[in-house]
Amino acid sequence: FHVQPLFSRFSKTQLTLFYHHPKNTYYTSIMSGWDAYIVNLLQSPHIDQAGIYGVDGSTWAVSSGMNLSADELTAIRGSFSDSSALQKAGVMVGGEKNLFVRGDEDSLIGKSKKGGIVAYKTEQAIVIGIQQLQGDNDGRKVENVTAVVGKMADYLKEQGY
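Description of the structure in this document.

Reading the values: the criteria
Residues numbered from 1 in each chain as written. Predicted model: local features only at pLDDT ≥ 70, side-chain atom pairs only at ≥ 80, totals over all residues. Heavy atoms only, no water. Phe/Tyr/Trp six-rings, centres within 6.5 Å; stacked < 30°, edge-to-face > 60°. Helix = DSSP H or I, 4+ residues; strand = E, 2+ residues; numbered from the N terminus. Buried < 20%, exposed > 50% of the residue type's maximum accessible area, 1.4 Å probe, protein only. Pairing = 2+ DSSP bridges. Axes fitted to C-alpha atoms, helices over the stretch in contact; angles between N-to-C directions. Contact = heavy atoms within 4.5 Å. Lys, Arg positive; Asp, Glu negative; His and termini not counted. Salt bridge = Lys/Arg side-chain N within 4 Å of Asp/Glu carboxyl O.

**Here we look at the packing of aromatic side chains**
- For the structure shown, the criterion picks out five aromatic pairs.
- Arranged with centres 6.3 Å apart and planes meeting at 40°, the rings of Tyr-37 and Tyr-155 form a pair that is tilted. Pair noted here: Tyr-37 is in helix α1 (residues 34-42) and Tyr-155 is in helix α4 (residues 142-158), with a separation of 118 residues, a long-range link.
- When its relative accessible area of 22% is taken as the criterion, Tyr-37 is described as partly exposed.
- Their ring planes at 75° and their centres at 6.3 Å tell us that Trp-60 and Tyr-161 sit as a pair that is edge-to-face. Here Tyr-161 lies in the segment after α4 and Trp-60 lies in strand β5 (residues 59-62), a separation of 101 residues in the sequence.

As structure tokens, this is what we get:
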């Protein structure tokens, strides 16, 4: 499966590409090469939204519809050093609570009846994949998101990020 741009719009400071993905049509403003990593993550049929953030909380690239609030990102960032708060309160994504499944200094997994979240930390980045189930018979599992996001994080580590 390969995502092809539908069309693009260019200005002196920004290139905006409009893509069609089987789940939705989205756009991304390309300011750097990080958006290509988001497109790569979204090629997985298991990931509906994705984001790459700096460990400092800066946004490097996100897919359209990624609705992770600043507070939610701060909680995820903090969980890599101490996950006790998320173990008690759950992992919030877009105001929706996910049950904390597992977490350590490099990874975080949360699940809910509506999907799940997987986050991996590298030295400089946090890679996040979100799955939103489409009904009870969707059949996708958050474990598949773990594999895809984990591979991306491993690649970024190999590249020095």
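**With respect to the sheet that holds strand β6 (residues 91-93)**
- Within the open sheet, the seven strands sit side by side as β5-β4-β10-β9-β8-β7-β6. Their pairing is antiparallel. Since the sheet does not close on itself, it has two edges, and those belong to β5 and β6, each with one partner. Sheet twist, expressed as the mean angle between neighbouring strand axes with direction ignored, is 20°.
- The sheet contact formed by β6 and strand β7 (residues 96-103) spans three bridges and is antiparallel. Paired with Met-92 across the two strands is Lys-97, which belongs to β7.
- Running at roughly 145° to strand β4 (residues 49-54), α1 makes contact with β4, β5 and β10 (125-132) of the sheet.
- Set on the sheet, α4 makes contact with β7, β8 (107-112), β9 (115-121) and β10; between it and β9 the angle comes to about 20°.

**What to know about the environment of Asp-154**
- Examined against the element boundaries, Asp-154 turns out to sit in helix α4.
- Residue classification places Asp-154 among the partly exposed positions, given a relative accessible area of 42%.
- Expressed as a C-alpha distance, the spacing of Asp-154 and Tyr-120, which sit 34 residues apart in the sequence, is 9.0 Å.

**Re the side chain of Glu-72**
- Note on placement: Glu-72 falls in helix α2 (residues 70-79).
- There is no salt bridge for the buried Glu-72, and the closest opposite charge comes from Lys-97, which lies 12 Å off by N-O distance.
- In this structure, Glu-72 is in contact with Asn-67, Met-92, Val-93, Gly-94 and Gly-95, ignoring residues within four places of it in sequence.

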